[in-house]
Each structure stands twice: as C-alpha cells, then as structure tokens.
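This is what each chain is made of:
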Amino acid sequence: MARADAAEKLRGEAQYVGDLVVPRMLHGKVLRSPHAHARIVSIDTSAADAMPGVVTILTAADLMDIDPYYGHAIKDRPILAIDRVRFAGEPVAAVAATDQATAEAAVRAIVVEYEDLPVVATVDAAMAPDAPLVHDGPLRPGDFHGLGTLAEREGNVCYRYTIDRGDIDAVFATADIVVEGDYVFPSAYQYAMETHSVVAQVDGDGIRIWATCQHPFLVRAEIAALFGVPLGRVRVVVPYLGGGFGSKSYTKMEPITVALARKAGRPVRIVNRVDESMVTTRRHNMTARVRTAATSNGRLLARDVQAWFDTGAYADNGPRVTATGGDAAPGPYRWSAVRVDAACVYTNTAPSGSYRAFGASHLQWAGELQVDEVARRAGLDPIEIRRRNLLRRGEQVRPGGKPLDADLVGDVEKVADALGWSRAKDPETGRGVSVGLLAAGAHPVSSAVVRMEADGTANVLVGSTELGQGQRTAFAQIAGEVLAMPAERITCQGTDTQFTPYDRSTGASRSTTLAGLAVQRAADAVRVDLLSIAATIWPGDPEAIDLRDGAAWCGAESRTYPELIAKRFGLSGGQLIGEGGVHPEGTGSYAEGPVFWEVCIGAAEVSVDRETGVVRVTRTATIADVGTAINPQLVERQDEGATMQGIGNALFEELVFSEGLLLNDNLLEYRIPSLADLPAESTCVIVENADGPGPFGAKGCGEGAFAGIIAAIATAVADAGVPVTELPLTPERVWRAIEMQDNQAREEEGTG
Amino acid sequence: MQIALELNGAQTSLDVEPQEFLLDVLRDDLGLTGAKLSCEAQVCGACTVLVDGAPVSACSYLAAETDGRVVTTIEGFRDTPAFEPIAATFTRHAALQCGFCTAGMVLTIHALLEDGDLTDEASIRHGLAGNLCRCTGYRAILDAVGDLVTTRTAP
C-alpha cells in the first residue's frame, strides 16, 4: 500500500509545528550562554524590555514558584540556567515578542554578566582526580528511565553499567590470541531537517502544546510535574514531524516555551535554528578500551570493554545510552567470559541524547574490528569466524534477559551473499561485514482505539508519532488485515494526548511491534463486535460466520459493515469502538527485556585511495530481520535511510568541540550526505521468520542497519589494509593512518 | 519598499524590508509554508522555490530581488500539469518519508527537467546534490527521478 501521507507531503500541505499559527501567538527567542561553564552574575533586561513589540522576558527569577527541574532519567535540568551555566548554548533567558525579528533584536539587547568557572571540556578532564564537578550535590533520579534504582553518582560519572560473568582475567591470561585496542567514536548531530519547534499555550484550561516530540506522553508527564497541573489538563499535540532519529526523544524545548507562554499570558512559538538545535541534543561521543581473547583456531573466548560516554552537561538519555552500549559491547557471540564497565560522564558541553541505534552504533564497530583481527590471526574468513561463534536462536544474550530471537548465522550469510562477498577484488578494495544486536522496544506499554463509523470506514487512534517512518500507513494496514477491509478506508491521524490513548514512546524500533500490537488488538475487538452482531442475524454456529471484503458472510448471505452497524444502533449513525493494549508481562524492567533484539547487520565494500585517504563506499547490503514485513517497501526505505546516515557517520560526520565550544555548528562545516554520496549499489534483504512479538510475528527495524553499516565500513577499510581506531574515517585520518603504517613498515625493514 | 512580482501565476504587490529574506516573507507574511526553514546556509534545499524558473534557496535570497520576476512555490506548482508525473513517481517509489525536504526536491526536479538537465543517473546525482534528505537515503529518489527521465525521453 502506498504511503497514506504521500499526497499531503508532496503538495506541501502537511503541517509541521513551525507552520502553525494560533490566535494571539507571540514569537519566542532564547538567549543562550556563550560560555561553557560560568556563574551568572547579573542579567539586565531593561533595554530589551523597552523595545516596542517585546511582550515579556523570562529569566530564572520567574521560575521560583515551581520546582523547575526536569529530566526523565536524572532530574538535573533546569528550565533556564539558575545562577550558573554548564554548557555553551544553555538557555539563560527567553523573549516573547510580536514578531520574530523583534524577539531576536531583544535577545541581543539583554546584557548578561558572567564569571568564568573552570571548564571540564572532555571526559578525560571530567575523570581526573579533583576534577571540578559539573553538578554539585546529590542527583535526583527521574521517573522514566526504566533502569531500576540509580546508584549514587561518583564525581562526574552519573551512571555506570557493568557486566561481569565468567573468570575474565583467567581466560585472558591463558588465551592464544589477545587483541587490544583503544577506540574513539565522535559526537554527531542527528540533523532532522525540521529543528525543534514548540507552540505553547497556558490558560485557565491548562496547558496545551504543539511540539516536535517523539514521546508526547512522556513530555506531558514532565510538563504536568513541572507546572503542577494534572496530567489530563496538559495536552500535547504532535502533527507531522520533519524527522527525529532520536533528536526529538524525551523533553527538549517544551518546558522553556511553556514557561514563556505562562508569563506572557499569550501563546508563544519558539522555532530553533539549526545551530540552536545542534546544542539542544547530539550523539554521545565515546572512547573505549576493548580486548578480545580467542583460541588459535578462532574460537572466541572473552570480551572485556571499558567505555566512557560523554553525556554533556545534562544527562538526558545518557544512562540508557550507556546501558544499551554496555549490552552491545560484547557482540552476539558465545563468550565464556564477559566484562563491561560503561560510564556515563558529565562534561561542560551541550547535552547528548538519543540517536538511532545508540549503544550498538557506539561499540559494534570496535568489537567487530577485533573479531576480524582474530580471524586474520587464526587464518579464518570473517564470515567463517562469525558462523562458528555467533549465538543461535534461543541462546542467552545476557543473563536474565530475553534470549536471542533471530537467526544470525542465516542473516550474515545472506548479507555476505547480497554484497557479492566472494567476487574477486583489487588491492584498493576492502570488504567488511558486521553483526550486532540492539536491545529494542523500549518499554512495552502502548494502547490504541479503533472506531468504525456508520459508513464502514474506520479510524485508528494511537499515541505514537509519525516521524516519516510511515507508521500511520502500517497501522492502517494492520487494522485492515484484521477487519478484512481495504486499508485505504482506514485513517490514522496525528497524535493528540487528549484523544489518542497512551503510548510510551516512538523510538527503539518499537512502533509497528508494540503500538501495532495494540492496534491489532483494538481492531480485533471491533472484529469480535461485528461478528456478535452478525450472530444475531444468523443464529446457530458462530463458526459459520466470517468477515471478508468489508462484510460478514454466512454461506451465500452477507451483510456489509454499515448494515451491521445500523442493526446494532437502530438508526443511521453510531460507532463500534474497540480498545487494545500492550503492557509488560513481568515488571517490564530493562534487565528482563528487551522486547526483541533488533538485528544490526551490514556489509560494505569500499575503495581506499592510499594517496589521498579518500574512502568511497561502492556497495552496501543490509538485513531487515523483521519477522513479518507489514509494508516491505517502507522496511526497505528504513534500511536505505539508515545506510546513508551510516555512511555519513562513518566517513565524515563529526561535531568538533574545543574547550566546550562547538566549532562546526552549521551545515557548511558539518557535512550531511547528499545524493552524490549514494553508493553505486545497495541491497536490503528482508528476512521473515515470523519470530517477532508484534502483529503477525513482526518485529521492528530502522536502526540495525545504521549500526551495521558503520561497523561494516570500518571493517571494510581495515580489510583494505588501513588500521582503524577512530571515526569518522575522513581522508585526513585515513591518510595519516596509512602514513604511520608505511613509516612503521619502513622502520621495521630498516632494522630487519 | 514596494515590489511587484508574479507569484504562483498571480500579479502581486508586496511591501518588504530591504533585508528581508524571501523565505520569511513567503512563510510569515503570505502563509505559504510549503517551503521550509532548515539549514539557512543554502546547503539543504528545503527552502527551494523557483525564481524565473531557476531553483533558489529562499532562506538566503532577498525578497526585494524578486521585483519584476516570476516566483513559483509548491503551492502554485502543485496545481499545474507538470506536478502530476513527479508526484506519481515519488508516490510509487515511496521517495519521501518525513516530507520536510519534499517540496524543495519536487521544485528542483521540475526546474532541471524543464532545462533538459536530467538525462541519466550521473546528471540526477549532480543535479539533486543540493537537496538533502535525511530520511530516505536517496535510493528511492534516484529511482523515482530515473523513471521520470526514462518516460520523458521514451520515443
């Protein structure tokens, strides 16, 4: 089925938050700190206040009637900086004015006096003994991290995730092959093309916001708690989102917009510029020390990983990213011993948050480079070493968690085949494959309502958000399948917490699987209702009645759905309403999960120019192991999008910070892949083993290929003979690695 | 300052500030929100509109420069016959996801087709390199435009 929203978007009719105008709306602009760490000595708004068209100016002083801190994992984030700024870009004040130009001019007229504080610019600086603390005092846990009880922080480490099983030191001491390395993974900007935008309205009825948020119910909860309003009186509306990729997960610009609207007494719209969104969220940069132990014939024995995630000045989703990274660090192999120590560290930089396949994208490439090195030393092909060591379906991935629910060996063989693994290659060509797992599904709570109208058309109400992935289409298809009617007669519209029932989040590849399951159950409730009406028409054996082509059938007789509904209500009107939901079977804790393991498999072929260091990706292949593909075309599109983002991240995307200041906060200096970067060939193989918990055996996709392709490009470049320890693989980095390698070879020759 | 232009087929007079950008005038003054604000650096193409048939980045194009010119936005283009084949091939190939880049992409494709600049894969890759898309990964867009070029050049 074609995307239900295609026409609207092609015609430029689709509404995004930045397109919305509400009556009496003011334009908001944020004043952001130019300093990475400083005390706020004074704020003088007098010149700005006096400007015609300025309606109100918000500072921390206006927030003293509430507890102005939020944060779903750690409640460490003030709506505006209070007494102290912790990152360059942190909001210090906000202006609401009658037009955008006036708001911006007023922001420039606010005079803030700062007193520098020592800047903790890097993880190394943050971990040093006697490092200044980014946050003083005890940290308050947030309500929505799902990670159990958070331990006390240790200095600038706000969260730690560890795994320790087997006798790791003994295994390493006696292993034939030990590979060790230090790896650096850059910060990146998710770059959803639509920046963070919010319209907020605060009045006697409560709080109403239109926001670019992926998780409207979580934002609703945080806003309700901040402003002391019951949940039911906070309304979050999410129209189409211009991309998300995790950059719009959890709470971002909503609290400041609400606070400004509250003070202004009128609705306010704030639209970030790209440079503002780049300091609103970014991907955690990370360093890791990884060791792998194996036997001389390539049996993997143990994996030991230490990783440090730079979460910036506020935790945002840092703890979860760290935990998921810890889970991804070993890789899906049959280890005898695993030790992981992953730390989430505060620094005086812009806060890091979710980005596609977080955790797996961070650590899969490093681990897989080492698996390939083991293979080289053991004389094995990269496919063969994986064939021998990968976990099989049903085996334990981590103790107490969900066993493996995919056929990884089958998948890796398919992806190698799709890439043309065994074709002859020239010396400048490298091929790589990579296998990983991502704990997917987040928290399994979703609900949906299906309403069938008197004309037989139906409406799906579900609280997940349309970021572009096509879930409104998928939900219509799921309902259509259950109700035996064309999906084109089913609409699924935007999210509005007033009407669409609770869905925990849109992310972690969970929507088709979990929200889709809720939709399936809701549609099923309507199905049952239709059959029960039919049973009053044809009493007798209920098994003799079935639904087909928008009607109930009993032998040769039929009644359309409109006829059945008319019979129920005795008039032309009424609705059949079905409800369905998903909730955890156990406690729903992180440790018991995940809902499913998303397969992160990619293969890549690259060509490395040793003279210039330029890496070209010539072919890619990915696996979408989705159980059942509700809409195969949309599944392929996910992998294609993930592949291009993976190429960008592997080869040229990097946020560059210096002393806490972001240097390349624009798209001229932060390079996003264009059509010119598309490889000559890319293939997505859809694998359907009906082994997912979602509707018809489905499980999610969209993120695995991102981690898989980044890792496959890294292993492909290594296969081309270039040592890889740091991403992105810019020409300079690759050239330097080749230079060092050549110099080392020359030295060895000289002394040999 | 007063300017006079043909906007989406209609003669239009506007009062604009000399420093105002075309994108802001379109979106904020005229309610034509099809062109989107994104990078503000002429890199992403989400703000693309046609001025005298050529794609421009409205975020960096002074409104005053449209005086005496013909401006086409997606709101005007979508009701012309040339829109249909582009929309149809994009729909068939699912060459859009979030939709934020789509209007700019569509207008650029139209302009390049009219100028005869799209003839093969290499020319498509080159011609659309100024229209970023973060969602689709470009494969579907390349295929969609490729189909269009093939159809147009078919005997």
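Keep in mind that what you see is a predicted model, and the values were worked out from it rather than measured.

About the thresholds
- Residues numbered from 1 in each chain as written.
- Chains lettered and ligands numbered in written order.
- Predicted model: local features only at pLDDT ≥ 70, side-chain atom pairs only at ≥ 80, totals over all residues.
- Helix = DSSP H or I, 4+ residues; strand = E, 2+ residues; numbered from the N terminus.
- Rg over C-alpha atoms; globule rule 2.2 N^0.38 Å.
- Buried ≥ 20, exposed ≤ 12 C-beta atoms within 10 Å, placed from the backbone.
- Domains from an automatic or database assignment.
- Contact = placed C-beta atoms within 7 Å.
- Pairing = 2+ DSSP bridges.
- Axes fitted to C-alpha atoms, helices over the stretch in contact; angles between N-to-C directions.
- Expected span 1.5 Å × (residues − 1).
- Parallel < 35°, antiparallel > 145°, perpendicular 65-115°, else oblique.
- Left-handed = near helix turned anticlockwise from the far one by under 90°.
- Nonpolar A, V, L, I, M, F, W, Y, C, P; charged D, E, K, R; others polar.
- pLDDT = per-residue confidence, 0-100.

**Let's talk about the overall build of chain A**
Next up, step 1: Looking only at helices and strands, chain A features 18 helices and 31 strands.
Next up, step 2: For chain A, whose C-alpha radius of gyration is 27 Å, the value lies close to the compact-globule estimate of 27 Å for 752 residues.
Next up, step 3: Among the 752 residues that make up chain A, the fraction classed as buried is 59%.

**So, the overall build of chain B**
Next up, step 1: If you tally the helices and strands in chain B, you get 6 helices and 5 strands.
Next up, step 2: Reading the helices (α) and strands (β) of chain B from amino to carboxyl end gives β-β-α-β-β-β-α-α-α-α-α.
Next up, step 3: The C-alpha radius of gyration of chain B comes to 15 Å, within 12% of the 15 Å expected for a compact globule of 155 residues.
Next up, step 4: When the backbone C-alpha atoms are referred to their principal axes, chain B occupies close to 45 × 30 × 25 Å.
Next up, step 5: Across the 155 residues in chain B, those meeting the buried criterion constitute 52%.

**Let's talk about the domain arrangement of chain B**
Residue and element names in this part refer to chain B.
Next up, step 1: Looking at the assigned domains, one finds that chain B contains domain 1 (2-72) and domain 2 (83-153).
Next up, step 2: Just the C-alpha atoms count here: the centres of domain 1 and domain 2 sit 22 Å apart.
Next up, step 3: Across the contact, 14 residues belong to domain 1 and 11 residues belong to domain 2.
Next up, step 4: Elements represented by at least two residues in the side of domain 1 that touches domain 2 include exactly β3 (48-51) and β4 (54-57).
Next up, step 5: Residue contributions to the side of domain 1 that touches domain 2 peak at 3 residues, all from β3.

**As for the sheet that holds strand β23 (residues 545-548) of chain A**
All names here are of chain A.
Next up, step 1: Taking strand neighbours across the sheet as the criterion, the 3 strands line up as β23-β24-β25 in an open arrangement whose pairing is antiparallel. Whereas interior strands pair on both sides, the edge strands pair on one side only; in this sheet they are β23 and β25 (557-560). Mean inter-strand twist for the sheet, computed between neighbouring axes without regard to direction, equals 25 degrees.
Next up, step 2: Across the sheet, helix α14 (residues 511-537) is in contact with β23, β24 (551-554) and β25; its angle to β23 comes to roughly 130 degrees.

**A closer look at helix α12 (residues 408-419) of chain A**
Residues and elements named next belong to chain A.
Next up, step 1: Its 12 residues place the ends of α12 16 Å apart at the C-alpha level, agreeing with the 16 Å of an ideal helix rising 1.5 Å per residue.
Next up, step 2: Among the residues of α12, L408, D411, V412, K414, V415, A416 and L419 are the ones counted as buried.
Next up, step 3: As for α12, its buried residues are in contact with α11 (382-389), β18 (429-440), β27 (596-608), β28 (615-625) and β31 (681-687).

**Let's talk about the pairing of strand β19 (residues 446-452) of chain A**
The side chains of a regular strand alternate, first on one face of the sheet and then on the other.
Residues and elements named next belong to chain A.
Next up, step 1: Summarising burial for β19: 6 of the 7 residues are buried, a large majority.
Next up, step 2: Pairing geometry for β19 and strand β26 (residues 576-582), over 7 bridges, is antiparallel. By the bridge assignment, S446 is partnered in β26 with V582.
Next up, step 3: Strand direction decides the pairing type here: β19 and strand β20 (residues 458-462), joined by 5 bridges, are antiparallel. Residue pairing for β20: V449 is matched across the bridge by L461.

**Points about the packing of α11 of chain A against α12 of chain A**
Geometry of a packed helix pair, given as the angle between the helix axes and the separation of the axes.
All names here are of chain A.
Next up, step 1: At a minimum axis distance of 9 Å, the contact between α11 and α12 shows a crossing angle of 165 degrees. The angle between α11 and α12 places the two elements in the roughly antiparallel class. When you trace α11 past α12, the crossing you get is left-handed. Contacts between α11 and α12 involve I383, R386 and R387 on the former and, on the latter, V409, V412, E413 and A416.
Next up, step 2: Split by residue class, the contact of α11 with α12 holds 4 nonpolar, no polar and 3 charged.

**Things to note about the confidence of the model for chain B**
Next up, step 1: On average, residues of chain B score 96 in pLDDT, and 99% of them reach the 70 mark or higher.
Next up, step 2: With pTM at 0.95, the complex prediction returns an ipTM value of 0.98.

**So, the sheet that holds strand β2 (residues 38-44) of chain A**
Residue and element names in this part refer to chain A.
Next up, step 1: If you trace the 3 strands from one edge of the open sheet to the other, you get β6-β2-β8, paired in antiparallel fashion. Where the open sheet ends on each side, the last strands, each with one partner, are β6 (84-85) and β8 (111-116).
Next up, step 2: For β2 and β6, the ladder comprises 2 bridges, and the chain directions are antiparallel. Bridge assignment links R39 to a residue of β6, and that residue is R84.

**A look at helix α9 (residues 318-328) of chain A**
Residues spaced three or four apart along an α-helix face the same direction, because each turn holds 3.6 residues.
All names here are of chain A.
Next up, step 1: Across the 11 residues that make up α9, a large majority, 11, are buried.
Next up, step 2: Every buried residue belonging to α9 is among G318, P319, R320, V321, T322, A323, T324, G325, G326, D327 and A328, and all of these are buried.
Next up, step 3: Elements that come into contact with the buried residues of α9 comprise β9 (157-165), β16 (300-312), β17 (337-346), α10 (360-378) and β18.

**So, the interface of chain B and chain A**
Next up, step 1: Contact with chain B, which involves 40 residues of that partner, is made by 41 residues of chain A.
Next up, step 2: Those elements that provide at least two residues to the side of chain B that touches chain A are α2 (74-77), α3 (83-93), α4 (102-114) and α6 (139-153) of chain B.
Next up, step 3: Ranked by residue count, the leading element in the side of chain B that touches chain A is α6 of chain B, at 4 residues.
Next up, step 4: Its residues assigned to classes, the side of chain B that touches chain A shows 24 nonpolar, 9 polar and 7 charged.

**Digging into the environment of P332 of chain A**
Residues and elements named next belong to chain A.
Next up, step 1: Following the sequence through the fold, P332 ends up in the loop between α9 and β17.
Next up, step 2: Take P332: there are 25 C-beta atoms within 10 Å of it, and that puts it in the buried class.
Next up, step 3: It is 6.0 Å that separates the C-alpha atoms of P332 and G436, two residues lying 104 residues apart in sequence.
Next up, step 4: Among residues more than four places away in sequence, those in contact with P332 are L390, L391, V397, L404, L408, V435, G436 and L437.

**Remarks on unusual backbone geometry**
Next up, step 1: Cis geometry is adopted by the peptide bond preceding P728 of chain A, which originates at L727 of chain A and carries an omega value of 0 degrees.
Next up, step 2: Relative to the elements of secondary structure, P728 of chain A occurs in the loop between α17 (704-719) and α18 (731-751).
Next up, step 3: Unlike most non-glycine residues, A484 of chain A shows phi in positive territory, near 50 degrees.
Next up, step 4: Along the chain, A484 of chain A falls in the loop between α13 (471-483) and β21 (490-492).
Next up, step 5: The phi angle at E40 of chain B is positive, at roughly 55 degrees, despite the residue not being glycine.
Next up, step 6: For E40 of chain B, the position within the fold is in the loop between α1 (22-29) and β3.
Next up, step 7: Given 20 C-beta atoms within a 10 Å radius, E40 of chain B is considered buried.

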